[in-house]
Structures are given as C-alpha cells and as structure tokens.
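Fold and geometry: a report
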Amino acid sequence: SPVEHDWAGKKVLVTAGPTREKIDPVRYISNHSTGKMGYAIAEAARDRGADVVLVSGPVALPKPDGVTVIPVESVQQMYDAVMQHLPEVEVVIKSAAVSDYRPKTVSAQKMKKTGDDLSLELEKAPDILAEVGKRKTHQFVVGFAAETHDVLNYAADKLARKNLDMIVANDVLQEGAGMGTDTNIVTILARGSEPLQSGKMSKREVADKLLDAILTNQRGAAAA
Ligand code: C5P
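Procedures and definitions
Residues numbered from 1 in each chain as written. Predicted model: local features only at pLDDT ≥ 70, side-chain atom pairs only at ≥ 80, totals over all residues. Heavy atoms only, no water. Buried < 20%, exposed > 50% of the residue type's maximum accessible area, 1.4 Å probe, protein only. Helix = DSSP H or I, 4+ residues; strand = E, 2+ residues; numbered from the N terminus. Polar contact = N/O pair within 3.5 Å; in protein donor to acceptor, adjacent residues only side chain to side chain. Phe/Tyr/Trp six-rings, centres within 6.5 Å; stacked < 30°, edge-to-face > 60°. Lys NZ or Arg CZ within 6 Å of the ring centre and 35° of its normal. Near = heavy atom within 4 Å. Areas by Shrake-Rupley, 256 points an atom, 1.4 Å probe, with all protein chains shown as cover. Nonpolar A, V, L, I, M, F, W, Y, C, P; charged D, E, K, R; others polar. Patch = residues over 30% accessible without salt bridge, like charges linked within 9 Å, V, L, I, M, F, W, Y side chains within 5 Å. Salt bridge = Lys/Arg side-chain N within 4 Å of Asp/Glu carboxyl O. Pairing = 2+ DSSP bridges. Contact = heavy atoms within 4.5 Å. Axes fitted to C-alpha atoms, helices over the stretch in contact; angles between N-to-C directions.

Every buried residue of helix H3 (residues 128-135) is listed here: Ile 128, Leu 129, Glu 131, Val 132 and Gly 133. Put simply, Asp 127 is the residue that caps the front of H3, since its side-chain oxygen is 3.2 Å from the backbone nitrogen of Leu 129.

This is the structure:
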C-alpha cells in the first residue's frame, strides 16, 4: 500500500551514529553506534513526506536519497551543525550516541609508548540535546536514552532535566535491542502520557511508530 504523506511539509532534524573525539592524530574515543536507528528514522520521515536534515557521525551506511546529510565527527561539529539548523526545523530527533566526555587536550603528535601506565584526562563534552532543550521555541524535541539498568527511571529523569517533549528509552543489554542490531525494543515516553512499549521490531518499524507518536503528541499539544 502507498505510504501516507502524513509528514508532508514538516522540517525534521535527525542526528545519528557515534561521535569521535581525537586523542592524537591517529587515535580517538568512540562507541559502537552504527547509525541504523537514526538512518531508519530519517528514511521513514522522508518517505512520509518530511524535509529531512540528517547530521551523521561516521557510519558505514549509504547516504539516503532525498535527505540532506551533514557528515560530522566530533561532538563540537555535531553541536555546530545542530545549532545551525535548529531555527528552521519543527522536530528534532537526537538518536546519535554522543560522547559524554572528551580528551582535555589533543596531542599534536602521535603519543609515544613510555611508562607502563597511561592516564588520559577527560573533560565533559557539551550536551547538545540539553542545549536544544534550552533554546527551543516551537520545536518538538525527542531524545534517546540507552541504558543498561533502571531504564524508565533514567529516561523520565532525562525528559525532565533536558526539557524534552519525548524520550525513546531502550535497554541496550536486552537481546534484539540497542547498538549494532537490526531490531530494537523501545519505550516511548512523552510528557503527560502513558509509556508506549514497542516490543521487538525492526528499526524501520520502530521509526514509524515513533513518527506516529510524535504526530499524536503534537496534535494533543495543539488541542490543549
Ligand atoms: O544523558 P545521555 O547522554 O544518556 O542522553 C542521551 C541523549 O542525549 C541522546 O538523545 C543523545 O543524542 C543526547 N546527547 C547529546 N549530547 C551529549 C550527550 C548526549 O546530545 N553530549
């Protein structure tokens, strides 16, 4: 059956994939994110008629057709790209796995093997989503919460603390959920609504479920 264009005319900003924080010219800190969840969201929104900007960390996935892709590496680059596009979008979906910490200094030369131990000093990286939560005017802001325990509590806390409209929580230790897999199992939590459980489904199905939930919530907010 043809896809309904229920997102026609909506401008959406999606972030996907990992970030890389340089240690020296040849080394970096990163994580196992593949970008599959964020790319599935970008493609689903495009298919439903949205105008999509995808800010993507380094991933092995093909560039989706009909989507504006902005490739970035570091948290700072992702931050700059998101803040640049924020004023023009109605919905922000932050599925990227962003580094919480980064090396305090980046060595200009390749670090040498010296002692038996080596300590890296890290500093907090800017929290892009928290900044979006502060700056938002009309935007509907969706965050992700990858947790290994006490998932719903941490998600609810993040929703409030980062001033989000919705959060997608998943227990990354569950079989068939989280990074690297083609499936996901999520709980969608919006302000003032009951949590919605997805059950195990493909990332594309999760993406469509999320887009449904955003539309329902936006309508609810407009009616209130
Ligand atoms: O607090 P935590 O990192 O678990 O929150 C996850 C959410 O925050 C994700 O949506 C992620 O994209 C976003 N985030 C961010 N900038 C950071 C860390 C996380 O935008 N530095």
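A full pass over the atoms with the stated rule returns 0 aromatic pairs. Looking at Lys 10, its charged tip hangs above the ring of Trp 7, at a distance of 6.0 Å from the centre.

What surrounds the ligand is a group of 13 residues, the closest being Lys 94, Ala 96, Leu 129, Phe 144 and Lys 158. With respect to the ligand, the backbone of Ile 128 contributes an N or O atom lying 3.1 Å from a nitrogen atom. Here an oxygen atom of the ligand sits 2.9 Å away from a polar atom, N or O, in the main chain of Leu 129. Computed on the free molecule, the ligand has an accessible area of 450 Å², of which 88% lies beneath the protein chains in the complex. Of all the secondary-structure elements, those providing two or more residues to the shell around the ligand are H3 and strand E9 (140-147). Grouping the constituent residues of the shell around the ligand by class yields 6 nonpolar, 2 polar and 5 charged.

It is worth spelling out a nonpolar patch on the surface at this point. Together, Tyr 101, Leu 120 and Leu 122 line one region of the surface with nonpolar side chains, adding up to about 270 Å² of accessible area. Within the secondary structure layout, Tyr 101 lies in strand E7 (residues 101-103). Looking at Tyr 101, the relative accessible area reads 42%, which means it is partly exposed.

Below, the discussion takes up the sheet that holds strand E12 (residues 187-190). The mixed open sheet is built from 8 strands, whose spatial order is E5-E4-E1-E6-E9-E10-E12-E13. Across the chains shown, the open sheet's two edge strands, defined by having one partner strand only, are strand E5 (68-71) and strand E13 (196-197). Across 4 bridges, the pairing between strand E6 (residues 91-94) and E9 is parallel. Along E9, the bridge assignment pairs Ile 93 with Val 142. In the packing of helix H2 (residues 75-85) onto the sheet, the strands contacted are strand E1 (11-16), strand E4 (51-56), E5 and E6, and the crossing angle to E1 comes to about 175°.

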